[in-house]
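Inside the fold
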Amino acid sequence: MARISILGSLAMFTVLASGATPAVARPLVNGSFETGVAYSGGPNIFSPGTPAPWYATSFTPDLYDNTSADGWGIGGIPAYDNMFKGMVACDGHRFIGFAASTDFGGINESFAQQTAPLIPGNQYTVSACIAADDLGKAIPYGGPYYGRGEVNVLLDGNFIGKLTQNTASLTWESRSFTFIAPASSTAVFEFVAQLDPFNPAPSSYIALDDIQITPAPGTLALVGLAGLVAGRRRTRPGGGV
Ligand SMILES: [Ca+2]
């Protein structure tokens, strides 16, 4: 009986693991900003350029579009002294730019998205391409931006991790961190521009692209196996299965 039970458990485990595949799909969408209208009336620095399901949560993040079809082109933002001029998207042809500045009393531009539900207790990795234009541009618009700022990532308003600052100007670099999904969450992820933590002129204009939230490989399998072990332990006192 015991042998049959173990085999049955393994079979059930396999079914659970394969049947639950859709639940571990990546919850975030449009993390590369490739789809959706950013500027219905043409690029405007006073309007947020966050294509759905992204939305701005503070001031007006800017969308860049290397095709110039919907956003600031490869020439950069003219009013910002050609901010990110010549910058090719890290992935696809669009990316977002946003600022942290000591000007205007201090601003931290930000944007957010409510993703598909998270699985409580599961580990996820947040990753992105990050870049900074630290050439001292956009003086009338919160500049000059000399910093290489960071990006704080919030889940439901709570800090879960940081995309750390660049080590070079105008260069895409990969950043990531992991977090454990809480027991309860509305799955609202917010990305908030931060000042350069080390530069005495800390105002920073930062770009992000290819944002991904990826379930950790094997996390579900571990959860399933733990559940089966717990289940077997519970059955033992009941009489020999
Ligand atoms: Ca992109």
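Conventions used here
Residues numbered from 1 in each chain as written. Predicted model: local features only at pLDDT ≥ 70, side-chain atom pairs only at ≥ 80, totals over all residues. Heavy atoms only, no water. Helix = DSSP H or I, 4+ residues; strand = E, 2+ residues; numbered from the N terminus. Buried < 20%, exposed > 50% of the residue type's maximum accessible area, 1.4 Å probe, protein only. Contact = heavy atoms within 4.5 Å. Phe/Tyr/Trp six-rings, centres within 6.5 Å; stacked < 30°, edge-to-face > 60°. Lys, Arg positive; Asp, Glu negative; His and termini not counted. Salt bridge = Lys/Arg side-chain N within 4 Å of Asp/Glu carboxyl O. Polar contact = N/O pair within 3.5 Å; in protein donor to acceptor, adjacent residues only side chain to side chain. Donors = N, O, S within 2.8 Å, 3.2 Å for Na, K, Ca; no water.

1. Regarding the overall build of the protein chain
Looking only at helices and strands, the protein chain features 2 helices and 11 strands. If you list the helices and strands of the protein chain from N to C, you get α-β-β-β-β-β-β-β-β-β-β-β-α. The burial tally for the protein chain puts 45% of its 241 residues in the buried class. Within the protein chain, counting contacts between residues at least 6 apart in sequence, those at least 24 apart form 73% of the total.

2. Concerning unusual backbone geometry
The residue after A52, namely P53, is reached through a cis peptide bond having omega 5°. As for its placement among the helices and strands, P53 is situated in the loop between α1 (2-19) and β1 (55-58). The peptide bond linking G143 to P144 adopts the cis configuration, its omega dihedral lying at 5°. With respect to the element layout, P144 can be found in the loop between β6 (123-132) and β7 (151-155). One non-glycine residue, L170, lies in positive phi territory at about 50°. Tracing the backbone shows L170 in the loop between β8 (158-163) and β9 (173-180).

3. Quick notes on the packing of aromatic side chains
Scanning all chains against the criterion turns up 16 aromatic pairs. Ring geometry for W54 and F191: centres 5.8 Å apart, planes at 75°, overall edge-to-face. A residue pair is termed long-range when its members are at least 10 positions apart, and W54 in the loop between α1 and β1 and F191 in strand β10 (residues 188-193) qualify at 137 residues. Take W54 and F191: they sit in the same class, and that class is buried. In textbook terms, an aromatic cluster arises when at least three aromatic residues are bridged by ring pairs, as seen for Y64, Y80, F84, F95, Y141, Y145, W172 and Y205.

4. Observations concerning the side chain of E109
Mapped onto the secondary structure, E109 falls in the loop between β4 (107-108) and β5 (110-114). K137 provides the closest opposite charge to the buried, unpaired E109, separated from it by 15 Å. Within the structure, the side chain of E109 is placed 2.9 Å from the backbone nitrogen of T60, a separation counted as a polar contact. The contact partners of E109, leaving out residues within four places of it in the chain, are S58, F59, T60, P61, F98, A99, F191, V192 and A193.

5. Focus on the coordination of the calcium ion
Distances from the calcium ion to its protein donors, namely S32 (O), S32 (OG), E34 (OE), D91 (O), R94 (O), D209 (OD) and D209 (OD), fall within the range 2.2 to 2.8 Å. Sequence positions of the residues that donate to the calcium ion give the spacing S-x1-E-x56-D-x2-R-x114-D. Of the two residues, S32 is situated in the loop between α1 and β1 and R94 in strand β3 (residues 94-101); the sequence distance between them amounts to 62 residues. Like S32, the residue R94 is buried in the burial classification.

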